[in-house]
Amino acid sequence: MRTGFFKFIAVAIVVAGCTKENIKSATEKEFIPLTFEGEFINEDASRSYLTEGGKVCWHRHDNIAVVPVGENGFVGDLVGEGNFFTTTEGGVEATFTGTSVLAEKYVGIYPASETDYFDTDNTIVYKDLHNYQKATEGNLGVNMIPAVTKPTSANEKLYFYNACGLIKFTIPEELSNITKVAFRGGNGEKLAGRIGIKYETEYSSISVWVDGTYENQESQYTLTVSNEDGSPLTPGGTYYMVSAPSRLEKGFTVAMYGADGKRYIKSTDKPNEIHRSKVMNLGTLDAQESTPKYENLYLLSNVSEWQFNYLSPGHSLDPFIFRFGAELKNGDEFKFATAPDSFENMYKAFEASADPFKKADARFLSGTDGETDFNWALSSDTDDAKPYRIIVDITTGVEKIYTSEFTDYSAVKIVGDATPNGWSLDNATELNIDNDHTWTWTGELKEGEIKFVLNNNTDWISGKWLMSPKDGNNFESCSILYVDLNEHPGKDYKWKVTETGNYTITINTLTEKLTVVKNEVAAEE
């Protein structure tokens, strides 16, 4: 095996928006050390970041893959770390180093990822375009927009072509608590997933399409941008999303989520298009505050023979959210109605028998069109029923469901001046678990306040709690409000016991239902 030195020069080219860089090479033999010297030319946007003057630059520690193809080259499979090249610099010029084999031609890929792979003919690159994207104020995030080159001989430049388009938007100055922004096409266009990228030699162009889903992906139709720590986006700040190229036949919806549960929605039904290598600029999102379409939802499932089951009321901290818990098994199907005994105005899946873990996008449909009567179908590794939590978000135009296996709490306790042990967390009155997810207690309560603490929590300002849907409600049977004070600090909603007596309390932690019975106590003779 001979070793040698390659020198590659990368220069970005201007293509009306988002293009890529070039690499020039000189070859020796198998697993040869390579060095890349990169430079960008002014353009609207590319896969790294933008300067104030509009030039596209590399991030320090950017990774690219240079894959040998053709004779003595790569045969369709995962790309792997052996093809990765890294820069320790940043800016308009950068140097990439790594090793590769001597081959007939080379293909460049950005960003480098172990999940990238070629087809067996080495003509199509498959990459993951994530639906959840990290927010970077005023710029593009690291590893944000995929790009590839055509197969190129040694000593020739490798020109990188952007595979996707950008959606650019600005948060209004007056909105200081927007934690995420979601975007969806009006006709259910696929915007993210495992994308196929092919360089069409005959036409000197790039073809891009959404080919399928990547591991653990839960949305193909909705793009979401947020800060990693969940903190608000900057008022007046500009952000970007990356999308697969798509013709939006019925326009789009963009929704801003407030930390206070409010939604601000901008939508249009006019056709639009996300072009490859261009920026779709939405400007400042002059969105209107929105209210939920419905106050109640009903779960329809084969488990209950398609009877209408009432879901817990909308979470008072977020009126667009509905929570449901149920025992489900492999193959069980479900969808959501908005009125009892009515199959009109429903929330359904985008495709038949959609796996709720991988196909979380929901859509609102009026009428009873059987051609779009698509349910979610649970996919499980066992035919035994297991407990699941389903959370439904009915934000108009970007509706989604979130499904997870439910793990019960280690303890459920009551606190408050109505309880035997008052406001003591250390000595809180504990409920007994009778069977799966059912907790009970019978004892004396007096007039006063009451709420429930979970998992042996030891302080009042954090942890998980079960509270009254509204502060001051009478202590009686109802749906419970689940509150995580780590996510919603300062929330404190208590029930009021208005009559002293002996009570039996039953809580189902899966369905989040409270049953309160005041017991009749026989008078002493």
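See the structure printed just above.
On a predicted model such as this, the values are computed, not experimentally measured, just so you know.

## A few points about unusual backbone geometry
And step 1. Tyr 110 connects to Pro 111 through a cis peptide bond whose omega is -15°.
And step 2. Counting through the fold element by element, Pro 111 comes out in the loop between strand 8 (105–110) and strand 9 (117–118).
And step 3. The residue Asn 345 is not glycine, and still its phi comes out positive at about 55°.
And step 4. Owing to a relative accessible area of 26%, Asn 345 belongs among the partly exposed residues under this scheme.
And step 5. Positive phi values are uncommon outside glycine, yet Ser 353 reaches one of about 50°.

## Observations regarding the layout of surface pockets
And step 1. As a volume, the largest pocket reaches approximately 940 Å³.
And step 2. Forming the boundary of the largest pocket are 27 residues, of which Lys 180, Asp 318, Ile 321, Glu 487 and His 488 lie nearest the centre.
And step 3. Those elements that provide at least two residues to the lining of the largest pocket are strand 16 (178–185), strand 19 (222–226), strand 22 (252–258), strand 29 (321–328), strand 34 (386–393) and strand 43 (481–484).
And step 4. Top element by residues in the lining of the largest pocket is strand 43. It accounts for three residues.
And step 5. Tallied by class, the residues present in the lining of the largest pocket amount to 10 nonpolar, eight polar and nine charged.

## A closer look at the nonpolar core
And step 1. Grouped together as the largest cluster of nonpolar side chains are 53 residues, with contacts concentrated most on Ile 109, Val 181, Phe 183 and Met 256.
And step 2. Looking at this core element by element, the count peaks at four residues for strand 20 (residues 238–243).
And step 3. The next biggest cluster of nonpolar side chains, apart from the first, holds 24 residues, and it includes Phe 406, Leu 431, Leu 514 and Val 516.

## Remarks on empty space enclosed by the protein
And step 1. Tallied over the entire structure, the rule returns one cavity of 30 Å³ or more.
And step 2. Estimates place the volume of the largest cavity at around 30 Å³.
And step 3. What lines the largest cavity is simply Tyr 132, Lys 180, Ala 182, Thr 222, Thr 224, Tyr 257, Val 398, Lys 400 and Tyr 402.
And step 4. Secondary-structure elements contributing two or more residues to the lining of the largest cavity are strand 16, strand 19 and strand 35 (400–405).
And step 5. The residue makeup of the lining of the largest cavity, split by class, is five nonpolar, two polar and two charged.

Parameters and conventions
- Residues numbered from 1 in each chain as written.
- Predicted model: local features only at pLDDT ≥ 70, side-chain atom pairs only at ≥ 80, totals over all residues.
- Heavy atoms only, no water.
- Helix = DSSP H or I, 4+ residues; strand = E, 2+ residues; numbered from the N terminus.
- Buried < 20%, exposed > 50% of the residue type's maximum accessible area, 1.4 Å probe, protein only.
- 1 Å grid on protein atoms, 1.4 Å probe; cavity = no way out; pocket = protein on both sides within 12 Å on 5 of 7 lines; lining within 4 Å.
- Points joined across faces, edges and corners; volume = space filled by probe spheres on them.
- Nonpolar A, V, L, I, M, F, W, Y, C, P; charged D, E, K, R; others polar.
- Core = buried A, V, L, I, M, F, W, Y, C linked by side-chain atoms within 4.5 Å.

Note that every value here comes from positions in space, so none of it alone points to a role or purpose.
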